[in-house]
Amino acid sequence: MDMVPYTIAALDRLRRQAPLIHNITNFVVMETTANILLAVGASPVMAHCRAEVEEMVSLAGALVLNIGTLQEDWVEAMCLAGKKANALRIPVILDPVGAGATQLRNRAVRTIMARCRITVLRGNASEVLSLVSADVRTKGVDSSLDLSDAGVAAAKALARDARCIVAISGAADCITDGHRVCRVDNGQPLMTRVTGVGCGLSAVTGAFCAVADGNTGCFDATVAAFGFYALCGDRAIRTSDKPGTFFTAFLDRLYDTGPDEIRALLKVRET
Amino acid sequence: MDMVPYTIAALDRLRRQAPLIHNITNFVVMETTANILLAVGASPVMAHCRAEVEEMVSLAGALVLNIGTLQEDWVEAMCLAGKKANALRIPVILDPVGAGATQLRNRAVRTIMARCRITVLRGNASEVLSLVSADVRTKGVDSSLDLSDAGVAAAKALARDARCIVAISGAADCITDGHRVCRVDNGQPLMTRVTGVGCGLSAVTGAFCAVADGNTGCFDATVAAFGFYALCGDRAIRTSDKPGTFFTAFLDRLYDTGPDEIRALLKVRET
Amino acid sequence: MDMVPYTIAALDRLRRQAPLIHNITNFVVMETTANILLAVGASPVMAHCRAEVEEMVSLAGALVLNIGTLQEDWVEAMCLAGKKANALRIPVILDPVGAGATQLRNRAVRTIMARCRITVLRGNASEVLSLVSADVRTKGVDSSLDLSDAGVAAAKALARDARCIVAISGAADCITDGHRVCRVDNGQPLMTRVTGVGCGLSAVTGAFCAVADGNTGCFDATVAAFGFYALCGDRAIRTSDKPGTFFTAFLDRLYDTGPDEIRALLKVRET
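Structure report, in brief. Remember, it's a predicted structure, so these values are computed and weren't measured experimentally. (Residues numbered from 1 in each chain as written. Chains lettered and ligands numbered in written order. Predicted model: local features only at pLDDT ≥ 70, side-chain atom pairs only at ≥ 80, totals over all residues. Heavy atoms only, no water.)

**A closer look at the interface of chain C and chain A**
Listed per partner, the contact involves 30 residues of chain C and 31 residues of chain A. Between chain C and chain A, a total of about 2,500 Å² is buried, with carbon and sulfur atoms accounting for 59% of that surface. Per-residue buried area on chain C facing chain A is highest for Glu 31, Leu 38 and Tyr 255 of chain C; these three make up 22% of the total on that side. The interface formed by chain C and chain A contains 3 salt bridges. The partner of Glu 55 of chain C in a salt bridge is Arg 137 of chain A, and the shortest N-O contact between them spans 3.8 Å. Seen at the junction of chain C and chain A, the total is 13 residue pairs in polar contact (both at pLDDT 80 or more). When residues of the side of chain C that touches chain A are traced back to their parent elements, those giving at least two are helix H2 (30–40), strand E2 (43–46), helix H3 (53–58) and helix H10 (243–256) of chain C. (Contact = heavy atoms within 4.5 Å. Buried area = accessible area lost by both parts, 1.4 Å probe. Salt bridge = Lys/Arg side-chain N within 4 Å of Asp/Glu carboxyl O. Polar contact = N/O pair within 3.5 Å; in protein donor to acceptor, adjacent residues only side chain to side chain. Helix = DSSP H or I, 4+ residues; strand = E, 2+ residues; numbered from the N terminus.)

**Remarks on the side chain of His 22 of chain A**
All names here are of chain A. Of note, His 22 is situated in strand E1 (residues 20–24). Only 2.9 Å separates the side chain of His 22 from the backbone oxygen of Ala 47, close enough to count as a polar contact. Sequence-distant contacts of His 22, defined by excluding residues within four places in its chain, comprise Val 45, Ala 47, Val 53, Met 56, Val 57, Ala 60, Ala 62, Leu 63 and Val 64.

**Describing the relation of the copies chain C and chain A**
The transformation that overlays chain C on chain A combines an axial shift of 0.0 Å with a rotation of 120°, and the residual RMSD is 0.0 Å. Within this description, the copies of the chain are treated as partners about a three-fold rotation axis. Proximity to the rotation axis, assessed at the C-alpha, singles out Phe 27 of chain C in chain C; its C-alpha lies 3.7 Å from the axis. Mapped onto chain A, only 10% of the interface residues of chain C again fall at the interface, so the copies present different surfaces. (Least-squares fit on C-alpha atoms with pLDDT ≥ 70 in both.)

**Observations concerning the sheet that holds strand E5 (residues 120–124) of chain A**
Residues and elements named next belong to chain A. Spatial strand order, E2-E1-E3-E4-E5-E6-E7-E8-E9: 9 strands in an open sheet with mixed pairing. Strand pairing shows two members of the sheet lacking a second neighbour, strand E2 (43–46) and strand E9 (268–270), which therefore form its edges. When the angles between neighbouring strand axes are averaged without regard to direction, this sheet yields 20°. Bridging between strand E4 (residues 92–95) and E5 involves 2 bridges; their strand directions are parallel. (Pairing = 2+ DSSP bridges. Axes fitted to C-alpha atoms, helices over the stretch in contact; angles between N-to-C directions.)

**Digging into helix H9 (residues 218–236) of chain C**
Compared with the 27 Å implied by 1.5 Å per residue over 19 residues, the 27 Å span of H9 of chain C between its first and last C-alpha is a close match. Most of H9 of chain C sits inside the fold, with 19 of its 19 residues counted as buried. (Expected span 1.5 Å × (residues − 1). Buried < 20%, exposed > 50% of the residue type's maximum accessible area, 1.4 Å probe, protein only.)

**Re the pattern of salt bridges**
Residue and element names in this part refer to chain C. Enumeration according to the criterion identifies 39 salt bridges over all chains in this entry. Among the ionic pairs, Glu 270 bridges to Arg 180, the shortest N-O distance being 2.8 Å. A residue pair is termed long-range when its members are at least 10 positions apart, and Glu 270 in strand E9 (residues 268–270) and Arg 180 in the loop between strand E7 (173–176) and strand E8 (181–184) qualify at 90 residues. For Glu 270, a relative accessible area of 42% translates into the label partly exposed. What makes Arg 180 partly exposed here is its relative accessible area of 27%. One salt bridge connects Asp 256 with Arg 235, and the closest N-O pair in it is separated by 3.0 Å. Here the residue Asp 256 occupies a position in helix H10, and Arg 235 occupies one in helix H9, the gap between them amounting to 21 residues. The partly exposed category is assigned to Asp 256, whose relative accessible area is 22%.

**Some thoughts on the sheet that holds strand E2 (residues 43–46) of chain B**
Two orientations exist for strands paired in a sheet by backbone hydrogen bonds: parallel and antiparallel. All names here are of chain B. On the basis of which strands lie adjacent, the open sheet formed by 9 strands has the order E2-E1-E3-E4-E5-E6-E7-E8-E9 and mixed pairing. Strands with a single pairing partner mark the edges of an open sheet, and in this sheet they are E2 and strand E9 (268–270). Taking each pair of neighbouring strands and ignoring which way they run, the sheet shows an average axis angle of 20°. Bridge count between strand E1 (residues 20–24) and strand E3 (residues 62–66): 4 bridges; the pairing is parallel.

**Structural notes on the environment of Thr 271 of chain B**
Residues and elements named next belong to chain B. Structurally, the position occupied by Thr 271 is in the segment after E9. By relative accessible area, which is 58% here, Thr 271 ends up exposed. Each C-alpha atom, one on Thr 271 and one on Ile 24, is 33 Å from the other, the two residues being 247 residues apart in sequence. In this structure Thr 271 touches Val 181 and Arg 183, once residues within four positions along its chain are discounted.

**Side note on the relation of the copies chain C and chain B**
The operation relating chain C to chain B is a screw motion whose rotation component is 120°, with 0.0 Å of axial translation and a residual RMSD of 0.0 Å. The fraction of interface residues of chain C whose copies in chain B are also interface residues is only 10%, indicating that the copies meet through different surfaces.

**Looking at the environment of Gln 103 of chain B**
Looking at the secondary structure, you find Gln 103 of chain B in helix H5 (residues 103–115). Along the backbone, Gln 103 of chain B and Lys 84 of chain B are 19 residues apart, and their C-alpha atoms lie at a distance of 26 Å.

Given below as structure tokens:
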């Protein structure tokens, strides 16, 4: 598939429909995630209380689960919301923040994946690969490794086993459903020097999936989200290569990037 | 009343007194709310633990309650703080974030309003009108409707029934105590594309009420807060019409807007 | 000691080693703290759940405890993490946000200091001096007083009694281990008009201590952290004297300040 017209059309649907994206996410990035979703054109809501998550997700176009700053009672809320989303065929994105750093986070990922069908698993290389190898240790929430060819093979195997899309952020992002593999060559290292930019990509992936044609369309939607997002980073770096002004410009670019910029700058390849 | 001299004098009192504003608010907007209050000239504090809210509110000039990212145990803390504020005649602002989206939030608003006297109820149209009509459904935390003439009438009735000021943000903000109705024609649609700008207005309303002459002065104080805040948005849009740089400029304008700008730009009318 | 070469060398170590800084901190400043640490060159993680704090701190170069937006169960997690850090000889920074405002916060500081060895106690003048005098009352989280000569003497006595470094932010920061006293004359009043800038200094102090030579090197590391941080404020004010754009510029300066700027601008004196 030619990702340029797909991404243009997906972004247009997103901005016209302004889907509600229900986030159960960590305290550090709640504001940034909301601002990123608003800039792209989606409508964010954060709600984590067990008493309301099923009702809230029923109004939503996608559910985004994120295990940063985890508390044990939040895992139960995530599972309740995830099962409801599954029943309503609403895409579920899981961001395994800090998996590979502590047992609590590893257990949380296993519990959520055992109890809900995940549409897209989005993380950095060490977070994702720690799920398949006990040797991978994450440095807090920052990746401890780059994605090698062996890492891509492991991601493909994980996608097949878990029956989900595995999407790994890095120097060249990698998205696989276990069969197809797409790489995104857009993006800037400075994006890792602003908190919430990775988590924001999980949320934007949810927004693109919310306007895709069913779960089968979510692979292309994920590739489009990654390409669009990284391309906005490429545009923002032209304004500033320092993190404060870079992030402000990045929000502006999420808001004003359109067909022309996507045609000129998108660098996605299927391998 | 001519709102121009009132607003100038109220802002001057606020900046000289720097009242402490006690917020029990949601995780998404805590930082933004604090920065908005600091920019205006107030002194924010966030405290939600039942063991300290009564002591903290006793030091404060206003209490701001906000039910976004609600947990059930926070409602109890809000009621404790609200009752203490009532006893000390400290104004209480309630922001019913997401009312009309879930039963949890609807119940929380009813509980808080049954147990505390609210000075100002500040929300968007669907949040506020969902309190009087079961037909109004909020899209997460974003309004699903504009304020019609029937909506204004419903807001007036709610203000009389609940004996509070009802203040609704929108294309033309509407503030009523059940008898008088003021509209504010300042403001920019882009303000809805940055998270926390609505919640920040609730907090700024608290800051203006903190320096008003008793609860009877809180109607004018609320109108002044709405006018000043929206006017800062009008000034910020001259710097940028993109959300990242717009919000940065908005904080700058909350800090540097003074008598001259209020005289030149304030658009408040009593209807 | 000449602080210029020390600060240059410490910053270089920090950026090369990118130490993991484990924060158990308040909801208001989590994002800002993470962005400040990332801009300086450290790797932040926020984790507060009792089930993971000991494992997380074991990966870290420093632990930063901050009692803003306190809940009672977090104190227990802070003590667990602090004791583990003590056992592993990892520096522990305590920021007593709002001490002197409520009994809950005063008790929390006493409990943490009784159960863990604190390396650096970092706060504003009324927060720190409230620990030694019941007469000092903090206005929410903002200081109610400037540091007098009597205040410096009280800080020295506290440092000796508690066997920790006491570091007080203000017009002229004051750092003492009970014997030596250093003052930092860099810094801008506008830094108090952006939330999280004080808490961010506690985190940056943790980052400098993480790359110091054992606890004995933490006094110089704390002075270096204070000098570097305030100097970045002096550079940022040249870009803007309004809080929104100032803070964005401050993050940029934390990222790009190097040896030349430290040589030209650092104003630290031992008294």
